[in-house]
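Listed below, chain by chain, are the residues.
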Amino acid sequence: DTEVTQTPKHLVMGMTNKKSLKCEQHMGHRAMYWYKQSAKKPLELMFVYNFKEQTENNSVPSRFSPECPNSSHLFLHLHTLQPEDSALYLCASSGRGTSGRETQYFGPGTRLLVL
Amino acid sequence: GENVEQHPSTLSVQEGDSAVIKCTYSDSASNYFPWYKQELGKRPQLIIDIRSNVGEKKDQRIAVTLNKTAKHFSLHITETQPEDSAVYFCAAKGPKWGPTGTASKLTFGTGTRLQVTL
C-alpha cells in the first residue's frame with residue numbers, strides 16, 4: 001500500500017455537531033500530520049505526531065482535537081466548529097520516498113463545510 | 001521559525017513556453033526542498049525535490065535550482081502542456097527532529113496557480 005487514505009471525502013456539519021475525520025497509511029511512516037487548506041492560507045500545519053506522540057500543535061483552537069492511537073492511524077475530532085473552519089483538511093505522513101529522503105505524502109483530503 | 005515566500009501567485013503561459021516559479025527561505029539550516037503539484041480537487045503530489053548539497057536537479061521537463069547563499073530555489077518547467085496547469089507549492093525542511101529524528105516539518109510557500117493556455 002503506497003497511499004494515504006482519508007475518510008470521509010466530504011462532510012457537512014452544524015456548529016453543534018461532533019464528527020471525526022480519519023486518516024490511515026500503511027507505508028511504515030512514523031510521522032503524521034494534519035493540515036488545513038483554505039483560500040486564505042493554502043497549507044496551514046495544524047498538528048504533528050511522531051511515533052504516536054504529539055510533537056507540534058500550531059496554536060490550533062481546542063475545538064479541534066487530534067488522536068493518534070498508533071502510527072498508522074490519525075484522527076481529527078471536531079466539535080462546536082465555526083463557519084470559518086470550513087476548508088479542506090489534509091492528512092500527510094512522512095517517510096523515505098524514492099529520493100531516499102524524508103518526503104511527505106498527502107491524503108486526498110476531507111472537504112468540510114460548517115453551517 | 002522558517003518562512004518561505006513564493007512568487008508569482010499566478011502565472012499564465014502559452015503551451016510550449018517555459019514557466020519559472022521562485023521561492024525564498026529564511027532558515028539557513030533548511031536542507032531539503034520539495035515541490036508539490038496540486039491539480040484541482042486532488043491532493044498535493046511531490047514532483048521533484050532537491051537537497052542542499054546539490055545545485056540543480058532535472059527530471060524530464062522539470063528542473064529545480066538551489067542557491068544556498070542567497071537562500072532561494074526555483075522550479076523550471078519547459079515545453080509546458082495543458083496538463084501542467086495546477087497549483088504548485090514549494091517547501092523547505094529543516095534538520096530532522098522528533099524523539100527518533102524521523103519527523104520532517106515542512107514549511108510551505110503560498111502556492112502559484114499556473115495556467116497553460118492553448
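Scroll up a little and you will see the structure.
Per-chain numbering applies: the sequence of each chain, read as written, is numbered from 1 onward. The order in which chains are written sets their letters, starting at A; the order in which ligands are written sets their numbers, starting at 1. Local features in this predicted model are restricted to residues of pLDDT 70 or higher, and side-chain atom pairs are both shown and tallied only at a pLDDT of 80 or more, whereas totals for entire chains, interfaces and linings draw on every residue. Note: side-chain values were computed over all heavy atoms of the structure, leaving out hydrogens and water.

Visitor: Could you give an account of the pattern of salt bridges, naming the residues involved and the relevant values?
Guide: Residue and element names in this part refer to chain A. Only one rule defines a salt bridge in this text: a Lys or Arg side-chain nitrogen within 4 Å of an Asp or Glu carboxyl oxygen. The final tally for this structure, using the stated rule, is five salt bridges over all chains. Two residues, Arg 63 and Asp 85, come together in a salt bridge whose shortest N-O distance is 2.7 Å. Highlighted residues: Arg 63 in the loop between β6 (53–57) and β7 (64–70) and Asp 85 in the loop between β8 (73–79) and β9 (87–96), separated in sequence by 22 residues. As far as the burial class goes, Arg 63 and Asp 85 line up, both buried. A helix here means a DSSP run of H or I that spans at least four residues, while a strand means a run of E at least two residues long, and both kinds are numbered starting from the N terminus. The rule is simple: take the accessible area with a 1.4 Å probe, protein chains only, and divide by the maximum for that residue type; under 20% is buried, over 50% is exposed, in between is partly exposed.

Visitor: Tell me about the sheet that holds β8 of chain A, residues and numbers included.
Guide: Residue and element names in this part refer to chain A. The criterion for strand pairing is that DSSP finds at least two bridges linking the strands in question. If you trace the four strands from one edge of the open sheet to the other, you get β1-β3-β8-β7, paired in antiparallel fashion. The strands lining the two open edges of the sheet, one partner per strand, are β1 (4–7) and β7. On average, each strand axis in the sheet is tilted by 20 degrees relative to the strand beside it, whichever way the strands run. Where β7 meets β8, five bridges bridge the pair, whose relative direction is antiparallel. Of the residues in β8, the one forming a bridge with Asn 70 is His 73. Angles here are taken between N-to-C directions and fall from 0 to 180 degrees, while the axes themselves are lines fitted to C-alpha atoms, restricted in helices to the stretch in contact.

Visitor: Before we move on, could you go through the interface of chain A and chain B and cite the residues and values that matter?
Guide: By definition in these notes, contact holds between two residues if any of their heavy atoms fall within 4.5 Å. At the junction of the two partners, chain A supplies 27 residues and chain B supplies 23 residues. Once two parts are joined, some of their accessible surface, as seen by a 1.4 Å probe, is lost; buried area is that loss totalled over both. The contact between chain A and chain B buries some 2100 Å² in all, and 56% of this surface belongs to carbon and sulfur atoms. Taken together, chain A and chain B are joined by one salt bridge. In this structure, Glu 3 of chain A engages Arg 43 of chain B in a salt bridge whose closest nitrogen and oxygen atoms are separated by 3.5 Å. A 3.5 Å cut-off defines polar contacts: any pair of N or O atoms within that distance qualifies, except that in protein one atom must be a possible hydrogen donor and the other a possible acceptor, and neighbouring residues in sequence count only when both atoms are side-chain atoms. Here chain A and chain B share five residue pairs in polar contact (both at pLDDT 80 or more) between them. Elements represented by at least two residues in the side of chain A that touches chain B include exactly β4 (31–37), β5 (44–50), β6, β9 and β10 (102–106) of chain A. Each residue receives one of three labels: charged for Asp, Glu, Lys and Arg, nonpolar for Ala, Val, Leu, Ile, Met, Phe, Trp, Tyr, Cys and Pro, and polar for the others, Gly being one of them. Of the residues that constitute the side of chain A that touches chain B, the class distribution is 13 nonpolar, eight polar and six charged.

Visitor: Tell me about the state of the cysteines, and name the residues and values.
Guide: Any pair of cysteine sulfurs within 2.5 Å is marked as a disulfide. Evaluation of the coordinates by the stated rule reveals two disulfides over all chains. Note that Cys 23 of chain A is cross-linked by a disulfide to Cys 91 of chain A, the S-S spacing being 1.9 Å. Disulfide Cys 23 of chain A-Cys 91 of chain A: torsion about the S-S bond near -70 degrees, hence left-handed. Note that Cys 23 of chain A is positioned in strand β3 (residues 18–25) and Cys 91 of chain A in strand β9, a separation of 68 residues in sequence. For Cys 91 of chain A, a relative accessible area of 0% corresponds to the buried category. The disulfide partner of Cys 23 of chain B is Cys 90 of chain B, and the gap between their sulfur atoms is 2.0 Å. Across the S-S bond linking Cys 23 of chain B and Cys 90 of chain B, the dihedral sits near -100 degrees, which makes this disulfide left-handed. Placement of the pair is Cys 23 of chain B in strand β3 (residues 19–25) and Cys 90 of chain B in strand β9 (residues 86–93), with a sequence separation of 67 residues. Among the residues examined, Cys 90 of chain B registers a relative accessible area of 0% and is labelled buried. For the unlinked cysteine Cys 68 of chain A, the closest cysteine sulfur is that of Cys 91 of chain A, found at 9.0 Å.

Visitor: Requested: an account of the pairing of strand β11 (residues 112–117) of chain B, with residues and values cited.
Guide: Residues and elements named next belong to chain B. Here β11 shows a clear split, with Thr 112, Leu 114 and Val 116 buried on one side and none of Arg 113, Gln 115 and Thr 117 buried on the other. For β9 and β11, the ladder comprises three bridges, and the chain directions are antiparallel. When the bridges of β11 are listed, Tyr 88 appears paired with Thr 112.

Visitor: Could you give an account of the packing of aromatic side chains, with specific residues and numbers?
Guide: Residue and element names in this part refer to chain B. Note on ring pairs: Phe, Tyr and Trp rings are taken, using the six-membered ring of Trp, and paired if centres are within 6.5 Å. Classes follow the plane angle, with under 30 degrees stacked, over 60 edge-to-face and the rest tilted. Counted under the stated rule, the structure contains twelve aromatic pairs over all chains. An angle of 45 degrees between the planes, with centres 4.7 Å apart, marks the rings of Tyr 25 and Phe 33 as tilted. Residue Tyr 25 is classed as buried on the basis of its relative accessible area, which comes to 6%.

Visitor: For the nonpolar core, give the residues involved together with the corresponding values.
Guide: Formed by 23 residues in total, the largest nonpolar core has its most connected members in Trp 35, Phe 73 and Leu 114 of chain B. For this core, the secondary structure elements donating two or more residues are β2 (10–14), β3, β4 (32–38), β5 (45–51), β7 (62–67), β8 (72–77), β9 and β11 of chain B. Buried Ala, Val, Leu, Ile, Met, Phe, Trp, Tyr and Cys residues form a nonpolar core when they are joined through side-chain atoms within 4.5 Å. Counting residues in hydrophobic clusters, the runner-up holds 22 residues, among them Met 32, Phe 64, Cys 68 and Tyr 89 of chain A.

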